[in-house]
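For reference, the chains in residue letters:
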Amino acid sequence: MRYLLIIMVLATAIASAAEIPMLPFEPFDTGREYRSEDVTTDRTGQFPDDPFFAKQWHLENLGQADDKGNIGETGCDIAMRQAWNHWNPKQEVILAILDSGLDLNHEDIDPGVLWVNPGESGIDSNGNAKQSNGIDDDENGYVDDVHGYNFVRDNGIIQDDQYHGTHCGAIICAKMNNGVGIAAMNPRLKIMIVKIFGLGQTLYAKDIARAVKYAVDNGARVLSNSYGTPSYTKEMHAAVTYTHEKGALFVCASGNSRKDLDNPEEKDYPSCYGLPNQLVVSATDNADWSQFANYGSMVEIAAPGANIFSLMPKNGYRSFSGTSQACPMVAAAATMVWSQNPEFTWQQVKQVLIDGGDEVAGLGRYVKKGRRLNLANSLQHKTGRRLPAHDFSQWVTEERVIESLHPYKNDQEICFAVEVPQARRFRLFFERIEIDHHGDALAINSPNSARTIEKINSNFSECFSEVIEGTKAELVLTADKYMNAYGFKVSKIQYLPN
Ligand SMILES: [Ca+2]
Ligand SMILES: [Ca+2]
Ligand SMILES: [Ca+2]
Ligand SMILES: [Ca+2]
């Protein structure tokens, strides 16, 4: 029942607040928090020398386990080590993070990463520091907004009093190669902190819309938005439209509820506002599987988002899962591409990120074109890995029914063997698939290559599987003890004759 309760809590939270941060996929009470004195990993003499670097599989995945012990697959990462070698910033580009602030007291945060508002820094005519004199020195409508603004308390103090902003922000801007804590994507980016969550009042759409407008009006060209709500609001729609008019790139998390965002009943915002300068981000794990992210035609890129190790307030460290964690990676990648190509428009930045992404088998169900961020490619304007293209016009179609019980039973693992003796390669046509995403999955395995080709835990109809090499496949349906669904029905197979 544990999962069910969590879902209900989430659903209640969504219903009661107009705007909430996307809660991490993992419940709060699992995992452990680390202190740097717990660390036994000695990385002295290596680059980067941050002791938790090996836990940051999203930066460099050498097949090590993630923080929860799941073994990864080499190369399922954003190619950060190579990206560092190809980064030559020509111009500063400001990246705004709209979240709960940043823990400036953390041992692994350097406040030097923060954007500094020139109009709110230095000394005023009375000899007081402009950043704390209680005066709106630059007359932008916000008092003492030296590093951004706190819309929750209506002041310039952007310290995190929650955790979400620190965890997501530090993925980008923790201090790296300092022998402490984690590495980050790049500490030399300039980060504007726009605090929209935390202790104090609950903000509603009109306040978040003001915060979005603040970010672009004060120079941010990339905005990282790790929050969402099922409610459409004209205020937020207008704010995202405003970022489009101003030529900024609005990067946002697709959400963690395994919803089909193309379904009118399952919309989530800001992902579904449909502005072309939006880049909606899905999440993958350390073997490039998509587990929980919302999906749909507006989701154009994936980035690592399962068990992402980062900072917690009070010198803590831990992993969280969510598109909230994937979103800042793409936002930082966009900022790095833009810093290196200052003449680019947002269209070009977005295109370079999508073009550089690696195509992943099975990811195409959840992300348009099935691409996961590869920052090293994008910084070099290289095309990422592409899956083989097939000319299906020569393939033979055969009626064949393979189906589970409808609904399938809870608490079981059941295997369906498929053989197409005359095939060189083949694919399955699903009339319908409905697999509950809480602990259930349908895996398509290829005994020929000893690989899992797809893992499906959502709803689709009238669609093909990925191509399976050889003559055999196995469909393995795994169900936990709670909540079931229709299951699946294959009605046709299509194959290339041998
Ligand atoms: Ca001001
Ligand atoms: Ca001031
Ligand atoms: Ca560090
Ligand atoms: Ca289930």
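Procedures and definitions
- Residues numbered from 1 in each chain as written.
- Chains lettered and ligands numbered in written order.
- Predicted model: local features only at pLDDT ≥ 70, side-chain atom pairs only at ≥ 80, totals over all residues.
- Heavy atoms only, no water.
- Donors = N, O, S within 2.8 Å, 3.2 Å for Na, K, Ca; no water.
- Tetrahedral: all angles 85-135°; square planar, octahedral: opposite > 155°, others 65-115°.
- Domains from an automatic or database assignment.
- Contact = heavy atoms within 4.5 Å.
- Buried area = accessible area lost by both parts, 1.4 Å probe.
- Salt bridge = Lys/Arg side-chain N within 4 Å of Asp/Glu carboxyl O.
- Nonpolar A, V, L, I, M, F, W, Y, C, P; charged D, E, K, R; others polar.
- Helix = DSSP H or I, 4+ residues; strand = E, 2+ residues; numbered from the N terminus.
- Buried < 20%, exposed > 50% of the residue type's maximum accessible area, 1.4 Å probe, protein only.
- Pairing = 2+ DSSP bridges.
- Axes fitted to C-alpha atoms, helices over the stretch in contact; angles between N-to-C directions.
- Parallel < 35°, antiparallel > 145°, perpendicular 65-115°, else oblique.
- 1 Å grid on protein atoms, 1.4 Å probe; cavity = no way out; pocket = protein on both sides within 12 Å on 5 of 7 lines; lining within 4 Å.
- Points joined across faces, edges and corners; volume = space filled by probe spheres on them.

## A word on the coordination of the calcium ion (ligand 1)
Right, so step 1: Looking at the calcium ion (ligand 1), the protein donor atoms are Glu120 (OE), Asp136 (OD), Asp138 (OD), Asn140 (OD1), Tyr142 (O) and Asp145 (OD), and they sit 2.2 to 2.4 Å from it.
Right, so step 2: Given six donor atoms and angles of 78 to 172° at the metal, the environment of the calcium ion (ligand 1) is assigned as irregular.
Right, so step 3: Every donor residue of the calcium ion (ligand 1) comes from the same chain, spaced as E-x15-D-x1-D-x1-N-x1-Y-x2-D.

## Notes on the domain arrangement of the protein
Where interface size is quoted, it is often the accessible area lost as the parts come together.
Right, so step 1: Domain boundaries in the protein define domain 1 (2–379) and domain 2 (392–497).
Right, so step 2: Computed over C-alpha atoms only, the centres of domain 1 and domain 2 are separated by 35 Å.
Right, so step 3: Of the residues lining the interface, 12 residues belong to domain 1; the matching set on domain 2 comes to 19 residues.
Right, so step 4: Interface area for domain 1 against domain 2, summed over the two sides, is near 1,300 Å², with a carbon-plus-sulfur share of 53%.
Right, so step 5: For the domain 1 face of the interface with domain 2, the top three residues by lost area are Arg258, Trp289 and Arg365, together amounting to 44%.
Right, so step 6: Counting every contact that joins domain 1 to domain 2 gives two salt bridges.
Right, so step 7: Among the ionic pairs, Glu454 bridges to Arg365, the shortest N-O distance being 2.5 Å.
Right, so step 8: For the side of domain 1 that touches domain 2, the class distribution of residues is six nonpolar, three polar and three charged.

## Let's talk about the pattern of salt bridges
Right, so step 1: What the rule picks out here adds up to 19 salt bridges.
Right, so step 2: With its nearest N and O atoms 3.1 Å apart, the salt bridge here joins Lys213 to Asp217. One end of the pair is Lys213 and the other is Asp217, both in helix H4 (residues 205–217) and four residues apart, which spans about a single turn.
Right, so step 3: Owing to a relative accessible area of 39%, Lys213 belongs among the partly exposed residues under this scheme.
Right, so step 4: Classification of Asp217 as partly exposed rests on a relative accessible area of 39%.
Right, so step 5: Between Lys259 and Asp268 there is a salt bridge; the shortest N-O distance is 3.1 Å. We note that Lys259, like Asp268, is buried.
Right, so step 6: A cluster of three or more residues bridged by salt bridges with shared partners is formed by Asp288, Asp358, Arg372 and Arg385.

## Section: the coordination of the calcium ion (ligand 4)
Right, so step 1: For the calcium ion (ligand 4), the full set of protein donor atoms is Asp436 (OD), His438 (O), Asp440 (OD), Asp440 (OD), Asp480 (OD), Tyr482 (O) and Met483 (O), at a range of 2.3 to 3.1 Å.
Right, so step 2: In terms of primary sequence, the donors binding the calcium ion (ligand 4) are separated according to D-x1-H-x1-D-x39-D-x1-Y-M.
Right, so step 3: Asp436 sits in the buried class, given a relative accessible area of 11%.
Right, so step 4: Asp440 sits in the buried class, given a relative accessible area of 3%.

## Details of the sheet that holds strand E18 (residues 451–456)
Right, so step 1: Strands sit in the order E15-E21-E17-E18 across an open sheet of four strands; the sheet is antiparallel. Every other strand in the sheet has two partners, leaving strand E15 (412–419) and E18 as the edge strands with one partner each. Taking the axes of each pair of neighbouring strands and ignoring which way they run, one obtains an average angle of 20° across the sheet.
Right, so step 2: When strand E17 (residues 441–446) meets E18, the two strands line up antiparallel, connected through five bridges.

## What to know about the packing of H4 against helix H5 (residues 234–245)
Right, so step 1: Packing of H4 against H5 brings their axes to within 8 Å, and their N-to-C directions diverge by 10°. Between H4 and H5, the angle falls in the class roughly parallel. Of H5, the residues touching H4 (which contributes Ala205, Lys206, Ile208, Ala209, Val212, Lys213, Val216 and Asp217) are Glu235, Met236, Ala239, Tyr242 and Thr243.
Right, so step 2: Counted by class, the contact of H4 with H5 contains eight nonpolar, one polar and four charged residues.

## Quick look at unusual backbone geometry
Right, so step 1: Going from Phe47 to Pro48, the amide bond is cis rather than trans, its omega being -15°.
Right, so step 2: If you trace the backbone, Pro48 turns up in the loop between strand E1 (20–21) and helix H2 (80–85).
Right, so step 3: For the bond running from His406 to Pro407, omega is -5°, close enough to zero to count as cis.
Right, so step 4: In this fold, Pro407 is placed in the loop between strand E14 (396–403) and E15.
Right, so step 5: In this model, Ala450 sits at a positive phi of 50°, which is unusual for a non-glycine residue.
Right, so step 6: For Ala450, a relative accessible area of 70% puts it in the exposed group.
Right, so step 7: At Met483, a residue that is not glycine, the phi angle is positive and equals roughly 60°.
Right, so step 8: Among the secondary structure elements, Met483 is positioned in the loop between strand E21 (472–479) and strand E22 (487–497).
Right, so step 9: Using a relative accessible area of 36% as the deciding quantity, one classes Met483 as partly exposed.

## Looking at the pairing of strand E11 (residues 316–320)
Right, so step 1: Along E11, five of the five residues are buried, which leaves the element largely enclosed by surrounding structure.
Right, so step 2: Burial of E11 is two-sided: the residues Gly316, Arg318 and Phe320 facing one way and the residues Tyr317 and Ser319 facing the other way are all buried.
Right, so step 3: Two strands pair when backbone bridges link them, and strand E10 (residues 308–312) and E11 are joined in this way by five bridges, in the antiparallel orientation. Bridging from a neighbouring strand, Ile308 pairs with Phe320 of E11.
Right, so step 4: Between E10 and E11, which pair antiparallel in sequence order, lie three residues; one of them, Lys314, sits at a positive phi of approximately 60°.

## Let's talk about the layout of surface pockets
Right, so step 1: In this structure, the largest pocket spans a volume of roughly 880 Å³.
Right, so step 2: What lines the largest pocket is a set of 32 residues, and nearest its centre among them are Val360, Ala361, Gly362, Leu387 and Glu466.
Right, so step 3: By residue number, the principal contributor to the lining of the largest pocket is E18, which donates four residues.
Right, so step 4: Among the residues forming the lining of the largest pocket, the class breakdown is 12 nonpolar, nine polar and 11 charged.
Right, so step 5: Split by domain, the lining of the largest pocket shows at least three residues from each of two domains, domain 1 (2–379) and domain 2 (392–497).

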